[in-house]
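# Residue-level structural notes
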Amino acid sequence: MGFFDRFRSRAEEAPLPGLAALLEARGLPVTLPGLEALLPAFEAHRKAEEREAWADAVAEVQGQGLPLPEPWIDAQDHLLPELVPAWQAEREGRWSRGFIDGLSQRVRVGDVAMPAAWLKLWDQSADDVLDLALDHLRSRSEGAFERLPSGAYRSPWRDGFDAARLLLPEVWNNLFKDQHPFLAIPAADTLLAVPQILLPKLMDEVGRSLQSGAKPLQLAVIERVGEKLMTARLQDPHPMSAPQRELKHMDFLEALRWQEKDLDPALGRPAPVVLVKTSQGKPLTLATWSAGAPVLLPETDLIGFSDAQGEPLGLFFRQSLPRIQELRGEGVAIWGPRRVRHEGFPNAEQLARLERFATAEQMKSLQAPAGARPAAPKAAAPAGAPLSAQGAAPLPRHLQGAGLGIQDPE
């Protein structure tokens, strides 16, 4: 045995730190519920740094207010994948991986979305756990899609994991032979599919899901191009580009609605956001900046300014806001859509630097009842069809056709 071999042998024989001491150093008791069943997994680690990392994972789980997992031999039978909005994955802080723009995939273990620390406690890789979860979902995915009266196809399982089957192309990719498929997952228990020619019907089905009151997952439609899935990029003059853009905006409004719950009130007022449409049918997002307090401004298409008495001052394109260099904002540390905190309020000369979209009088007519939500886009409605804002004053001519909504204050 060489010198270095003897040195390694003595190092390996050094006493390993015990779990009680490691937990005590982290302010945790050894009586944590579920800890005893995990002791064999801890004892299997024969290096001090591995035991330190294992104890750190226990502390991380406790810091998140979550239970310790079952031992891997038991937990592996209860794994299923799920899809959630990317903002939700970021907000909740469990293990997640980006799927496509706006969507993240996670793993559920029974009723709990798996935290990353559980992987360390199980000594399992994320790839292996996700693959096993997909295998479990695959084994319970027998059955044929239901053809709806609209011509769209809907998943038959209705078990809360229909949307997650988007992760299993073999479940749906043979529905339309040699045809470009479009898909939608407006709710966790709904997976919809149509060939390209029936894309307007798919939009209608998304609208029906929204009107049913189901918790929205993602409203924007998804397309498969080659072997890749992506949020459908329908550009003008595609006849469904405006409805798709509106659905994307509604996903954005849902993220803002949840984000508002976590904003520190001491930072300022979250700018209320609504959805409007031009007379050409193009949907736009509009945030209102009112004088009197700092504002937390999201990245919308338009900004409407109101004075301290609530009197409108006009609508302007947000991208021209950097022209007011004196009111440069600061980014807010928050999950989800970016917000910028602005102090002060622009004066008349500063507002004149911005690119105007509508006058103060036209802005005044854009009013919606408090608490109203955006309506589902009407795929078959002709562009510029006059709509009312549920009793609001008539819209200015260049904004007729607006479907207005406002964030739910709750």
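Residues numbered from 1 in each chain as written. Predicted model: local features only at pLDDT ≥ 70, side-chain atom pairs only at ≥ 80, totals over all residues. Heavy atoms only, no water.

### Some details on the overall build of the protein
Helix and strand content of the protein: 13 helices and 19 strands. Scored against the burial criterion, the 410 residues of the protein give a buried share of 46%. Long-range contacts, defined here as pairs at least 24 residues apart, represent 62% of the contacts in the protein between residues at least 6 apart. Of the roughly 20,600 Å² that the protein leaves accessible, carbon and sulfur atoms contribute 51%. (Helix = DSSP H or I, 4+ residues; strand = E, 2+ residues; numbered from the N terminus. Buried < 20%, exposed > 50% of the residue type's maximum accessible area, 1.4 Å probe, protein only. Contact = heavy atoms within 4.5 Å. Areas by Shrake-Rupley, 256 points an atom, 1.4 Å probe, with all protein chains shown as cover.)

### A look at the packing of aromatic side chains
Evaluation of the coordinates by the stated rule reveals 12 aromatic pairs. Both rings, one in phenylalanine 305 and one in phenylalanine 345, keep their centres 6.0 Å apart while their planes meet at 75°; by these two values the pair is edge-to-face. Within this pair, whereas phenylalanine 305 is found in strand β15 (residues 302–306), its partner phenylalanine 345 is found in the loop between β18 (339–342) and α12 (348–351), the two being separated by 40 residues in sequence. Taking NZ or CZ as reference, arginine 165 lies 4.2 Å from the ring centre of tryptophan 157, over its face. (Phe/Tyr/Trp six-rings, centres within 6.5 Å; stacked < 30°, edge-to-face > 60°. Lys NZ or Arg CZ within 6 Å of the ring centre and 35° of its normal.)

### Some points on the pattern of salt bridges
Two side chains bearing opposite charge may form a pair once their charged atoms approach each other closely. On inspection of all chains with the given rule, the structure shows 22 salt bridges. Measuring nitrogen to oxygen at the nearest pair gives 2.7 Å for the salt bridge that ties glutamate 92 to arginine 106. Taken together, the residues span a long stretch of sequence, with glutamate 92 in helix α6 (residues 86–92) and arginine 106 in strand β3 (residues 103–109) at a distance of 14 residues. The partly exposed category is assigned to glutamate 92, whose relative accessible area is 35%. One salt-bridge network, in which partners are shared between bridges, spans Glu82, Glu92, Arg106 and Arg108. (Salt bridge = Lys/Arg side-chain N within 4 Å of Asp/Glu carboxyl O.)

### Side note on the packing of helix α10 (residues 199–211) against helix α11 (residues 241–262)
α11 packs onto α10 with a crossing angle of 30° between their chain directions and a minimal axis gap of 11 Å. With respect to α11, the element α10 is oriented roughly parallel. Considering the relative orientation of α10 and α11, their crossing is left-handed. The segment α10 lies against α11, with Met203, Val206 and Leu210 engaging Pro243, Gln244, Leu247 and Met250. (Axes fitted to C-alpha atoms, helices over the stretch in contact; angles between N-to-C directions. Parallel < 35°, antiparallel > 145°, perpendicular 65-115°, else oblique. Left-handed = near helix turned anticlockwise from the far one by under 90°.)

### Here's the deal with helix α3 (residues 35–43)
Taken together, the buried positions of α3 are occupied by Leu35, Leu38 and Phe42. Taken around the axis of α3, the buried residues stretch over an arc of 70°, which confines them to a single face. Away from the buried face of α3 by more than 90 degrees, exposed residues Glu36 and Pro40 are located. Contact partners of the buried residues in α3: α2 (19–25) and α4 (48–63). (Arc of directions from axis to C-beta.)

### Considering the confidence of the model for the protein
For the protein, per-residue confidence averages 88 on the pLDDT scale, and residues scoring 70 or more make up 86% of the total. This stretch, residues 368–372, has a pLDDT under 50; its non-local contacts, to residues over four places away or in other chains, come to 12 contacts. A low-confidence stretch, residues 378–410 stays under pLDDT 50, and its non-local contacts, those more than four residues away or across chains, total 85 contacts. (pLDDT = per-residue confidence, 0-100.)

### Quick word on empty space enclosed by the protein
On inspection of all chains with the given rule, the structure shows 1 cavity of 30 Å³ or more. Of the volumes computed, that of the largest cavity is approximately 30 Å³. Around the largest cavity sit Pro85, Trp87, Gln88, Lys215, Pro216, Glu254 and Trp258, which together line it. For the lining of the largest cavity, the elements supplying multiple residues, two or more each, are α6 and α11. Here the lining of the largest cavity is built from residues that sort into 4 nonpolar, 1 polar and 2 charged. (1 Å grid on protein atoms, 1.4 Å probe; cavity = no way out; pocket = protein on both sides within 12 Å on 5 of 7 lines; lining within 4 Å. Points joined across faces, edges and corners; volume = space filled by probe spheres on them. Nonpolar A, V, L, I, M, F, W, Y, C, P; charged D, E, K, R; others polar.)

### Considerations on unusual backbone geometry
That bond from aspartate 236 to proline 237 is cis: its omega, 10°, falls within 30 degrees of zero. With respect to the helices and strands, proline 237 occurs in the loop between β10 (228–231) and α11. At arginine 158, a position not held by glycine, the phi torsion is positive, near 50°. Taking the relative accessible area as the measure of exposure, arginine 158 reaches 40% and is therefore partly exposed. With phi around 60°, aspartate 178 is a residue other than glycine that occupies positive phi space. If you trace the backbone, aspartate 178 turns up in the loop between α9 (169–172) and β7 (181–187). Among the residues examined, aspartate 178 registers a relative accessible area of 76% and is labelled exposed.

### Looking at helix α8 (residues 126–139)
Compared with an ideal rise of 1.5 Å per residue, which puts 14 residues at 20 Å, α8 spans 20 Å between its outermost C-alpha atoms and is within 8% of the ideal. Looking at the packing, one finds that the buried side of α8 touches α5 (72–75), β1 (79–85), β2 (97–100), β3 and α7 (116–122). (Expected span 1.5 Å × (residues − 1).)

### Section: the pairing of strand β13 (residues 283–290)
In terms of residue burial, β13 counts as a mostly covered element, since 6 of its 8 residues are buried. Pairing between strand β12 (residues 273–277) and β13: 5 bridges, direction antiparallel. Within the sheet, the bridge partner assigned to lysine 277 lies in β13 and is proline 283. Between the end of β12 and the start of β13, which pair antiparallel, lie 5 residues, with glycine 281 showing a positive phi angle near 90°. (Pairing = 2+ DSSP bridges.)

### Description of the sheet that holds β10
Pairing in this open sheet of 6 strands is antiparallel, and the strands run β5-β6-β8-β7-β9-β10 from one edge to the other. Strands at the two margins of the open sheet, each flanked by one partner only, are β5 (146–147) and β10. Pairing of β7 with strand β8 (residues 190–195) involves 5 bridges; the strand directions are antiparallel. Residue pairing in the sheet places phenylalanine 182 in a bridge with valine 194 of β8. Where α10 meets the sheet, it contacts β7, β8 and β9 (218–225), and its direction lies at approximately 5° from that of β7. Those strands touched by α11 are β9 and β10, and its axis lies near 125° from that of β9.

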